[in-house]
Amino acid sequence: MNKKIKVSDVSNLISTCKEQIKFLENSIRNKNKKYIEKNLINAATALKILSSNMNITDFDEKIKENVENWWALRTNKKIYETIKSKSIEELYRNIVDVYETEKTRKVLFEIEEKYLLPILPNLKNKNVLDVGCGTGRCANIFVKKGAGIIGIDTSREMIEIAKRKIKNAKFKIMDARKLDFPDNCFDFVFSSLMLSHLRDWKKSVKEIIRVAKKDGCIIISDIHGAVGGGKTRSMKFLGNEKVFSINQYPIFPSDILSVAKDKCQIIDIIEIRSSEFQNKMGYFNNETYYQPTLLIMKLIKR
Ligand SMILES: C[S@@+](CC[C@H](N)C(=O)[O-])C[C@H]1O[C@@H](n2cnc3c(N)ncnc32)[C@H](O)[C@@H]1O
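Residues numbered from 1 in each chain as written. Predicted model: local features only at pLDDT ≥ 70, side-chain atom pairs only at ≥ 80, totals over all residues.

## Let's talk about the overall build of the protein chain
Thinking step 1. Assigned secondary structure in the protein chain consists of 11 helices and 10 strands.
Thinking step 2. Relative to its 302 residues, the protein chain shows a buried fraction of 36%.
Thinking step 3. Long-range pairs, those at least 24 residues apart, make up 68% of the contacts in the protein chain between residues at least 6 apart in sequence. (Helix = DSSP H or I, 4+ residues; strand = E, 2+ residues; numbered from the N terminus. Buried ≥ 20, exposed ≤ 12 C-beta atoms within 10 Å, placed from the backbone. Contact = placed C-beta atoms within 7 Å.)

## So, the site of the ligand
Thinking step 1. In the vicinity of the ligand lie 19 residues, with Gly132, Gly134, Ser155, Ala176 and Ser192 positioned nearest.
Thinking step 2. Among the elements of the structure, helix H5 (88–95) and helix H7 (137–144) are those that each provide at least two residues to the shell around the ligand. (Near = placed C-beta within 6 Å.)

## Description of the environment of arginine 302
Thinking step 1. With respect to the helices and strands, the residue arginine 302 is situated in the segment after strand E10 (292–301).
Thinking step 2. Under the C-beta neighbour-count criterion, arginine 302 is labelled exposed, with 11 such atoms within 10 Å.

## Looking at helix H9 (residues 201–211)
Thinking step 1. Taken together, the buried positions of H9 are occupied by Trp201, Ser204, Val205, Glu207, Ile208, Ile209 and Val211.
Thinking step 2. Buried-residue contacts for H9 involve strand E2 (127–131), strand E5 (186–192), strand E6 (212–223), helix H10 (253–260), strand E9 (264–273) and E10.

## As for the sheet that holds E9
Sheet strands associate in pairs through backbone hydrogen bonding, adopting either a parallel or an antiparallel arrangement.
Thinking step 1. Pairing within the open sheet is mixed, and its seven strands lie in the order E4-E3-E2-E5-E6-E10-E9. Looking along the sheet, the strands with just one partner apiece sit at the ends: strand E4 (170–173) and E9. Adjacent strand axes in the sheet meet at a mean angle of 15° when their direction is disregarded.
Thinking step 2. Where strand E3 (residues 148–153) meets E4, four bridges bridge the pair, whose relative direction is parallel. Following the sheet pairing, aspartate 153 is matched in E4 by isoleucine 173.
Thinking step 3. Contacts between helix H8 (residues 156–165) and the sheet are confined to E3 and E4, with E4 contributing the most and set at about 170° to the helix.
Thinking step 4. Across the face of the sheet, H10 comes into contact with E6, E9 and E10 while running at roughly 20° to E10. (Pairing = 2+ DSSP bridges. Axes fitted to C-alpha atoms, helices over the stretch in contact; angles between N-to-C directions.)

## Observations regarding the sheet that holds strand E7 (residues 233–238)
Thinking step 1. Spatial ordering of the open sheet is given by E1-E8-E7, a layout of three strands whose pairing is mixed. The open sheet is flanked by strand E1 (82–84) and E7, the only strands paired with a single partner. Put simply, the sheet's adjacent strands are angled 40° from each other on average, direction ignored.
Thinking step 2. Contacting E7 and strand E8 (243–248), H5 runs over the sheet at an angle of about 150° to E8.

## Quick notes on the pairing of E2
Thinking step 1. By the criterion of burial, E2 is predominantly enclosed, with four of the five residues buried.
Thinking step 2. Of the strand pairs in this sheet, E2 and E3 are connected by five bridges, and their pairing is parallel. Among the inter-strand pairings, asparagine 127 is bridged to a residue of E3, identified as glycine 148.
Thinking step 3. A crossover links E2 with its parallel partner E3, the connecting element being H7, and its sense is right-handed. (Right-handed = clockwise from strand over helix to strand, strands pointing away.)

## A look at the nonpolar core
Thinking step 1. Counting 57 residues, the largest nonpolar core has Val128, Ala139, Val189 and Ile218 as its most contacted members.
Thinking step 2. At six residues, E6 tops the list of elements feeding residues into this core.
Thinking step 3. Leaving out residues up to four positions away in the same chain, isoleucine 218 has contacts with Val189, Ile208, Ile209, Ala212, Cys264, Leu299 and Lys301.
Thinking step 4. Counting residues in each nonpolar core, the second largest holds eight residues, with Phe23, Leu24, Ala46 and Phe284 among its members. (Core = buried A, V, L, I, M, F, W, Y, C linked by C-beta atoms within 7 Å.)

Next comes the structure, spelled out in structure tokens:
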């Protein structure tokens, strides 16, 4: 299939070239031989696309291999053997120690928070539920904004960290698909990067809507369904020196709307492109560069 670069993409391509050259300069400055080679290829590829308006599927195989081998790039190591996780609980037991510090996730969190913070409702003295709260990364933000927080999660290990980190909040082990709370009791219900773990994630969206108060706010944030071509995919998670994988299920804005449209008003749909992530991580995959990678939806319960 022949795909030509659109004129409207040119300014983005120039930014990509600049970014790639910056990475190359850094690796030369740091005398990092492995990175010099990879970054040189990335910069050359970006420039090649820009300058020749080339057929972007027509890469030389060696370049393509290097550009696409971003897993090795981001870990700065040889590709690890991947261990398939038997359950979500087992996955998080294995990665809990580095959950908030591993570079890939840190970058993802940074980008998510950049878009999330401006759309948060007023949280002062509000009743907030964080569904799939993990180590309390977002609960911590909400507490600092004056909210009363309950975080729920199925991972004992993740919750233990949240409890240690945030003293003035409550955390419980609970399944997001069967919330043990009455109807209409939270001013704000939030869920980040949890739903796509669940084949039957729609059950959890229904529960989230059920426990939100009338006029209460709901924000759902997750990996965009477009990642992996809209198919169920095996996602990799870097733990302590090991890589674990687990299935992830695609979620598109229309899927959420199909569950929420009768009960909620849609306030915001934010689709964040992979380019933001790739630029920060220092790799370039031309096939996914413009695709959405994160989805944030803000709803108000009617
Ligand atoms: C990627 S982490 C996200 C944690 C946190 N929301 C954040 O954004 O940092 C996904 C979390 O969802 C939790 N989780 C997965 N399935 C769940 C379920 N059915 N009910 C509640 N929590 C679940 C996991 O244990 C894990 O802590």
